[in-house]
Amino acid sequence: MQILVDAEYSLRLVALRAVLDTVRDTALDTPLAEVDEAWDLLVRVETAAPEVARRVLAYPYVGTWARSVLRRLRGAATADGPPPPGAAVPLWAEVGYLHALAASAAAQAGLAFGIRVPAVHGAVSLPTLGLVRLPGAAPATKVANVLAQAATAQVTGLPGRVEVDFGGAVVPLPTALADEARSWRPVRHVRVIEGGVALAVTVEDLDPYRLLAGRTEPQPLGAAESAHWRELLAQAWRLLVAVDGEAARTMARVLGAITPLPYAERFNLRSASSADAFGSLLASAPDDPAQLAAVLVHEFQHSKLGAVMHLARLHEAGSDRLLYAPWRNDPRPLAGVLQGIYAFAGVTWFWRAHRHRAGTKRERRLAEFEFALWRAQTTGTVASLRGNPDLTPLGKWFVSRIGRWLAPWTAEPLPSPIEWAAGLAATEHRTGWRLYHLRPAAEVVERLAAAWHAGTAASLPAAGPPLVEPARDPARLETRAVLLRYRLADPATFAQFVAEPHRAVAAVDGADAADVLLAAGRFDEARRIHTARARAAPAQRDAWLGLTLCLYGQDPAPGTVDAAARTALLRHAEVVRAVARRVADAGRPAPDPVLLAAWLAS
């Protein structure tokens with residue numbers, strides 16, 4: 001792990017050198033000093049307090065800033081014109097993050113210094129330290145003209161004293177920079193210890209580059225939110241140490257910052273990380289500590305593999321073919337699928353262990369479901385990558401090692417209702433992905449539609465596989481999986497959903513009454529709804545997905561029409577839908593979806 005940490009710091013220095021060189025080659029009209037002055041101040045910090053310099057420069061969001069500013073510097077943006085889409089400040093202010101970084105490092109090293117930094121919307125960000133706001137300044141959300149709100153401020157440091165001068169309005173910072181004061185909001189640090197294993201992270205709600213998309217405004221957490229995150233982290237850490245203390249200790253050497261996101265949806269936490277921001281992650285507020293613990297493992301796996309992939313090639317450089325990844329709603333390149341199998345092997349590892357430590361029966365059922373689902377999804381994806389011609393020898397070894405890690409777990413028994421629910425959730429995602437992102441060959445669809453019109457047997461002509469063509473409209477492929485989690489972990493609320501489906505519509509993104517019936521196992525009722533929808537509007541993907549899941553859940557007897565239709569929809573739902581659309585487009589009555597699917601199965 002230390003090799004990876006050192007390599008990432010080396011890469012960070014390379015990125016900073018790239019910023020310096022690019023700025024020097026750019027005619028940048030700026031009210032700030034030249035970037036070399038900021039760099040010289042950082043050199044002074046490294047001489048006086050090397051641990052401070054390394055800690056500040058290694059801060060994850062410095063990497064996000066470097067990527068963001070390099071994209072602008074290398075693009076068509078100029079300091080005089082308007083910022084490109086997504087840019088919140090003029091270019092000189094974005095470059096000035098380096099000046100603010102130097103000021104922050106110098107303040108923490110106790111140096112005497114003075115440097116001018118950007119002040120955006122009346123606030124100065126000092127990365128890794130906090131935010132200084134000019135008293136009376138309007139919040140950024142109430143300012144219409146972002147360009148007019150970019151100014152400068154002077155940061156001055158003396159031994160034991162730091163102050164920020166907003167053109168005459170001076171804000172002194174507290175002697176202890178971690179203390180909160182009027183006009184000064186320090187970053188929030190959380191340190192928790194369990195079983196002698198410590199985790200120390202920054203809960204980052206202030207840094208302008210804490211999000212993956214580039215610069216954004218500070219969104220300070222309230223006192224109650226901060227306390228909630230602190231408690232969740234403490235409890236999640238307790239769970240991780242209980243599962244494997246040494247693995248937790250390794251994680252603590254890398255994980256340094258978490259950016260809280262707004263609450264997303266129950267049983268559907270959102271998280272992300274970036275190879276540029278090594279050692280950090282973004283996460284929406286979790287439902288419980290176990291969910292947060294799984295996310296910490298997930299994103300830590302991403303950080304590790306991202307660092308490895310900076311050092312070694314697991315796939316050929318030109319491998320851009322898009323593939324199925326059962327944890328994403330969009331098609332992914334091979335690099336993304338490799339990242340996914342490593343991340344979800346870790347998630348599977350956590351839920352496998354945690355199910356035996358869950359405090360209640362409902363918590364155990366949910367842990368068993370997560371274990372069953374991600375065990376199946378990850379092992380299936382590993383199998384699909386074996387023999388992939390774009391993998392390097394090291395990549396093939398890597399995939400094989402993950403397969404060997406997962407293999408013993410596939411034989412571990414689980415309750416049949418859990419296996420059934422996980423199978424339904426996996427089928428929802430796989431079939432939905434096919435319906436959204438696979439386009440059958442036009443000649444195949446045309447010939448099959450003509451055969452249906454003529455009443456002849458289906459004959460699939462020789463043709464290439466369906467094209468991967470990412471849908472323009474976003475796919476939602478986990479609605480029923482979320483409802484199944486309600487059924488397992490909160491049966492009282494799920495019973496309310498069944499009795500009053502409008503409650504499910506309000507609580508679960510994309511849900512409707514038919515989805516609730518399906519998750520409740522009332523397949524006959526749900527099937528009637530989805531069949532009518534597919535017949536009335538053959539283009540509607542969700543109707544075909546719902547019908548497929550109903551047939552999957554009913555598990556019809558072999559040799560029946562329903563069994564044939566089930567086989568066709570599970571294997572090639574996109575072909576069935578495309579033929580139904582073509583028949584309807586020709587002015588003929590829309591075919592019965594089940595009969596058409598059974599006919600195609602022949």
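Rules used in this analysis
- Residues numbered from 1 in each chain as written.
- Predicted model: local features only at pLDDT ≥ 70, side-chain atom pairs only at ≥ 80, totals over all residues.
- Heavy atoms only, no water.
- Salt bridge = Lys/Arg side-chain N within 4 Å of Asp/Glu carboxyl O.
- Helix = DSSP H or I, 4+ residues; strand = E, 2+ residues; numbered from the N terminus.
- Buried < 20%, exposed > 50% of the residue type's maximum accessible area, 1.4 Å probe, protein only.
- 1 Å grid on protein atoms, 1.4 Å probe; cavity = no way out; pocket = protein on both sides within 12 Å on 5 of 7 lines; lining within 4 Å.
- Points joined across faces, edges and corners; volume = space filled by probe spheres on them.
- Phe/Tyr/Trp six-rings, centres within 6.5 Å; stacked < 30°, edge-to-face > 60°.
- Lys NZ or Arg CZ within 6 Å of the ring centre and 35° of its normal.
- Axes fitted to C-alpha atoms, helices over the stretch in contact; angles between N-to-C directions.
- Parallel < 35°, antiparallel > 145°, perpendicular 65-115°, else oblique.
- Left-handed = near helix turned anticlockwise from the far one by under 90°.
- Contact = heavy atoms within 4.5 Å.
- Nonpolar A, V, L, I, M, F, W, Y, C, P; charged D, E, K, R; others polar.
- Pairing = 2+ DSSP bridges.
- Expected span 1.5 Å × (residues − 1).
- Lys, Arg positive; Asp, Glu negative; His and termini not counted.
- Polar contact = N/O pair within 3.5 Å; in protein donor to acceptor, adjacent residues only side chain to side chain.

**Q** So, the pattern of salt bridges: which residues are in play, and what are the values?
**A** A side chain of one charge can pair with a side chain of the opposite charge if their charged atoms are brought near each other. Evaluation of the coordinates by the stated rule reveals 34 salt bridges. Between Asp205 and Arg185 there is a salt bridge, with its nearest N and O atoms 3.3 Å apart. Here Asp205, found in the loop between strand S9 (197-203) and helix H7 (223-243), pairs with Arg185, found in strand S7 (residues 184-186); they are 20 residues apart in sequence, far enough to count as distant. Residue Asp205 is classed as buried on the basis of its relative accessible area, which comes to 3%. A relative accessible area of 13% places Arg185 in the buried class. Taken together, the shared-partner salt bridges connect Glu265, Arg270, Arg476, Glu478 and Asp509 into one network.

**Q** An account of the layout of surface pockets is needed here, citing residue identities and associated values.
**A** In this model, the second largest pocket occupies a volume close to 630 Å³. In terms of lining residues, the second largest pocket is bounded by 24 residues, among which Arg55, Ala58, Tyr59, Pro60 and Gly256 are the most central. Among the secondary structure elements, those contributing two or more residues to the lining of the second largest pocket are helix H1 (2-24), helix H3 (50-57), strand S8 (188-194) and S9. Broken down by element, the residue count for the lining of the second largest pocket peaks at four residues, all from H1.

**Q** Give me the lowdown on unusual backbone geometry, citing residues and values where you can.
**A** For Phe267, which is not a glycine, the phi torsion comes out positive at approximately 65°. Among the structural elements, Phe267 can be located in the loop between strand S10 (257-261) and strand S11 (271-272). Positive phi outside glycine occurs at Asp555, with the angle close to 50°.

**Q** Before we move on, can you summarise empty space enclosed by the protein with the specific residues and values?
**A** Tallied over the entire structure, the rule returns four cavities of 30 Å³ or more. Taken as a whole, the largest cavity encloses approximately 170 Å³ of empty space. Considering the residues around the largest cavity, the lining is formed by 17 residues, among which Val120, Ala123, Ser125, Pro208 and Arg215 are closest to the centre. When contributions to the lining of the largest cavity are tallied by element, the ones reaching two or more residues are helix H6 (97-109), strand S1 (113-120) and strand S2 (123-126). For the lining of the largest cavity, the element with the highest residue contribution is S2, accounting for three residues.

**Q** Lay out the packing of aromatic side chains with the relevant residues and their values.
**A** Under the defined criterion, the tally for this structure stands at 13 aromatic pairs. Summarising the aromatic geometry, the rings of Phe350 and Trp351 are spaced 5.1 Å apart at their centres and angled 65° between planes, so their arrangement reads as edge-to-face. Every member of this aromatic cluster is reached through a ring pair, and the members are Trp65, Tyr97 and Tyr209. Between Arg541 and the ring centre of Tyr436, over which it is positioned, the NZ or CZ distance is 4.5 Å.

**Q** Talk me through the packing of H1 against helix H4 (residues 60-74); I want residue IDs and the actual numbers.
**A** Helix packing geometry: the angle between the two helix axes and the distance between the axes. Where H1 contacts H4, the two axes come as close as 10 Å, and the packing angle between them is 30°. Viewed along their axes, H1 and H4 adopt a mutual orientation that is roughly parallel. As for the relative orientation of H1 and H4, their crossing is left-handed in sense. Every residue of H4 that contacts H1 at Arg12, Ala15, Leu16, Ala18, Val19, Thr22 and Val23 is listed here: Pro60, Val62, Gly63, Trp65, Ala66, Val69, Leu70, Leu73 and Arg74. Here the contact of H1 with H4 is built from residues that sort into twelve nonpolar, two polar and two charged.

**Q** Describe the pairing of S1, listing the residues and the values that go with them.
**A** With six of its eight residues buried, S1 lies for the most part within the structure. The sheet contact formed by S1 and strand S4 (residues 150-158) spans eight bridges and is antiparallel. Residue pairing for S4: Val117 is matched across the bridge by Ala153.

**Q** I'd love a proper account of helix H11 (residues 361-385), names of residues and values included.
**A** The end-to-end C-alpha distance of H11 is 36 Å, a good match for the 36 Å that 25 residues give at a rise of 1.5 Å each. Two residues or fewer past H11, Gly387 is found with a positive phi of approximately 85°.

**Q** An account of the pairing of S4 is requested, with residue identities and associated values reported.
**A** Pairing between S4 and strand S5 (residues 161-166): five bridges, direction antiparallel. When the bridges of S5 are listed, Leu158 appears paired with Arg161. What sits between S4 and S5 in their antiparallel hairpin is a turn of two residues, with Gly160 showing a positive phi close to 80°.

**Q** So what about the side chain of Arg12? Which residues, and what values?
**A** Mapped onto the secondary structure, Arg12 falls in helix H1. The charged side chain of Arg12 is buried without a salt bridge, its nearest counter-charge being Glu8 at 5.8 Å. Within the local environment of Arg12, its side chain forms a polar contact with the backbone oxygen of Ala58, the two atoms lying 3.3 Å apart. Those residues in contact with Arg12 that sit more than four places away from it in its chain are Leu57, Ala58, Tyr59, Pro60, Val62, Gly63, Asp276 and Phe278.

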